[in-house]
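Take a look at the letters that make up each chain.
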Amino acid sequence: MKKIIGFIIIAAAFCLTGCEAHEMWGDGRADLEHVYIVALDQPDNQVDYLSYEIAQNGDSRWRYGSSATTGTWVTSNEQWVAGIPFRFSSKQTRIYDVVSFVWVESDLTAGADYTVTREDGTVITPNADGSYSLTWPQAKKAIQNIKIKRAQGSPNGTIKVQTFNPAKGVPVISDVTSLVNNKTAEYEVRCTTLDVNKVTITFN
């Protein structure tokens, strides 16, 4: 019995010192304290595809599937518009706001064939590198929608929206630098690999 009691006391003391040491590191690795992830908000299964279509008459629909050509189509609530949800992953609240970017590639013309807006319909002006900014107040975990609005009478085509700069190549898991979405003196935002870093909207 004495041995059991002695073991409990030692275990409790170890837990106290261990917990105290862990708290010194914040809530995880110190080198990742101000690193955040931005990705498409879709099912946890990363092999699923999220895709959108907007027809010539303005009908809009989306689907998840195990490939780009599978899944059940769901009619969108808003005509002419594809609302694309992006998830900002964070466990902290900071004194600073975090800015991440999405890049748009298309054979269509921005401003003429389509516009990029925020959730409230406010048009977003692209940056010099063709990216569009999303701000995450106080680095809080959240979801925001980017809307792609098709112009009436625009030609058919495709639009790719992605969380990585296509000019720098497709990110790979073995190269952390390729995952950087935005980096400042205060924080770093990373994108992901697989299909949670991009989505295609088809005008047909």
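It should be emphasised that the depicted structure is a prediction, and the values quoted were computed from it without experimental measurement. (Residues numbered from 1 in each chain as written. Predicted model: local features only at pLDDT ≥ 70, side-chain atom pairs only at ≥ 80, totals over all residues. Heavy atoms only, no water.)

1. Observations regarding the overall build of the protein chain
Logical step 1: Helix and strand counts for the protein chain stand at one helix and 13 strands.
Logical step 2: Reading the protein chain from its N terminus to its C terminus gives the helix and strand order α-β-β-β-β-β-β-β-β-β-β-β-β-β.
Logical step 3: Restricting to contacts in the protein chain with at least 6 residues of sequence separation, those with at least 24 account for 69%.
Logical step 4: Of the roughly 11,900 Å² of accessible surface on the protein chain, 57% is carried by carbon and sulfur atoms. (Helix = DSSP H or I, 4+ residues; strand = E, 2+ residues; numbered from the N terminus. Contact = heavy atoms within 4.5 Å. Areas by Shrake-Rupley, 256 points an atom, 1.4 Å probe, with all protein chains shown as cover.)

2. Some thoughts on the side chain of Ser 154
Logical step 1: In this fold, Ser 154 is placed in the loop between strand S9 (142-150) and strand S10 (157-162).
Logical step 2: The exposure class assigned to Ser 154 is buried, which follows from its relative accessible area of 3%.
Logical step 3: Polar contacts involving the side chain of Ser 154 include one to the side chain of Arg 150, which spans 2.8 Å.
Logical step 4: In this view, Ser 154 contacts Gln 56, Asp 113 and Phe 203; residues no more than four positions away in its chain are not counted. (Buried < 20%, exposed > 50% of the residue type's maximum accessible area, 1.4 Å probe, protein only. Polar contact = N/O pair within 3.5 Å; in protein donor to acceptor, adjacent residues only side chain to side chain.)

3. Quick notes on the environment of Thr 69
Logical step 1: Mapped onto the elements, Thr 69 comes out in the loop between strand S3 (60-65) and strand S4 (74-75).
Logical step 2: The exposure class assigned to Thr 69 is exposed, which follows from its relative accessible area of 65%.
Logical step 3: Sequence separation of Thr 69 and Ser 51 is 18 residues, and the distance between their C-alpha atoms is 8.9 Å.

4. Regarding the sheet that holds S10
Logical step 1: Judged by pairing direction, the sheet is mixed, and its seven strands sit side by side in the order S4-S3-S2-S13-S10-S6-S8 without closing on themselves. Strands at the two margins of the open sheet, each flanked by one partner only, are S4 and strand S8 (131-136).
Logical step 2: Pairing analysis gives six bridges linking S10 to strand S13 (residues 198-203), with the strands arranged antiparallel. The residue bridging Ile 159 from the neighbouring strand is Ile 201, located in S13. (Pairing = 2+ DSSP bridges.)

5. A word on the packing of aromatic side chains
Logical step 1: A complete count under the given rule lists four aromatic pairs for this structure.
Logical step 2: Geometrically, the ring pair formed by Phe 88 and Trp 136 is stacked, given 5.0 Å between the ring centres and 10° between the ring planes. Taken as a pair, Phe 88 in strand S5 (residues 81-89) and Trp 136 in strand S8 lie far apart in primary sequence, 48 residues in all. For the residue pair Phe 88 and Trp 136, the accessibility class agrees, reading buried in each case.
Logical step 3: A centroid spacing of 5.5 Å and a plane angle of 25° characterise the contact between Tyr 96 and Tyr 187, whose relative ring orientation is stacked. Of this pair, Tyr 96 sits in the loop between S5 and strand S6 (98-106) while Tyr 187 sits in the loop between strand S11 (180-183) and strand S12 (188-190); the two residues are 91 residues apart in sequence, bridging distant segments of the chain. Grouping residues by exposure puts Tyr 96 and Tyr 187 together as buried.
Logical step 4: The ring of Trp 73 carries the charged tip of Arg 61 above its face, separated from the ring centre by 4.1 Å. (Phe/Tyr/Trp six-rings, centres within 6.5 Å; stacked < 30°, edge-to-face > 60°. Lys NZ or Arg CZ within 6 Å of the ring centre and 35° of its normal.)

6. Digging into the sheet that holds S5
Logical step 1: Spatially, the six strands line up as an open sheet ordered S7-S9-S5-S1-S12-S11, and their pairing is mixed. Of all the strands in the sheet, just strand S7 (114-117) and S11 have a single pairing partner and so form its edges. Taking the axes of each pair of neighbouring strands and ignoring which way they run, one obtains an average angle of 20° across the sheet.
Logical step 2: Inspection of the sheet shows S7 paired to S9 by four bridges, in the antiparallel sense. The partner of Thr 115 across the bridge, within S9, is Lys 149. (Axes fitted to C-alpha atoms, helices over the stretch in contact; angles between N-to-C directions.)

7. Concerning the environment of Ile 146
Logical step 1: Relative to the assigned elements, Ile 146 resides in strand S9.
Logical step 2: Overall, the relative accessible area of 1% leaves Ile 146 in the buried class.
Logical step 3: Here the alpha-carbon distance between Ile 146 and Ala 82, two residues 64 residues apart in the chain, equals 8.2 Å.
Logical step 4: The residues touching Ile 146, leaving out its near neighbours within four places in the chain, are Ala 82, Gly 83, Ile 84, Phe 86, Val 102, Val 116, Thr 117, Ile 124 and Leu 134.

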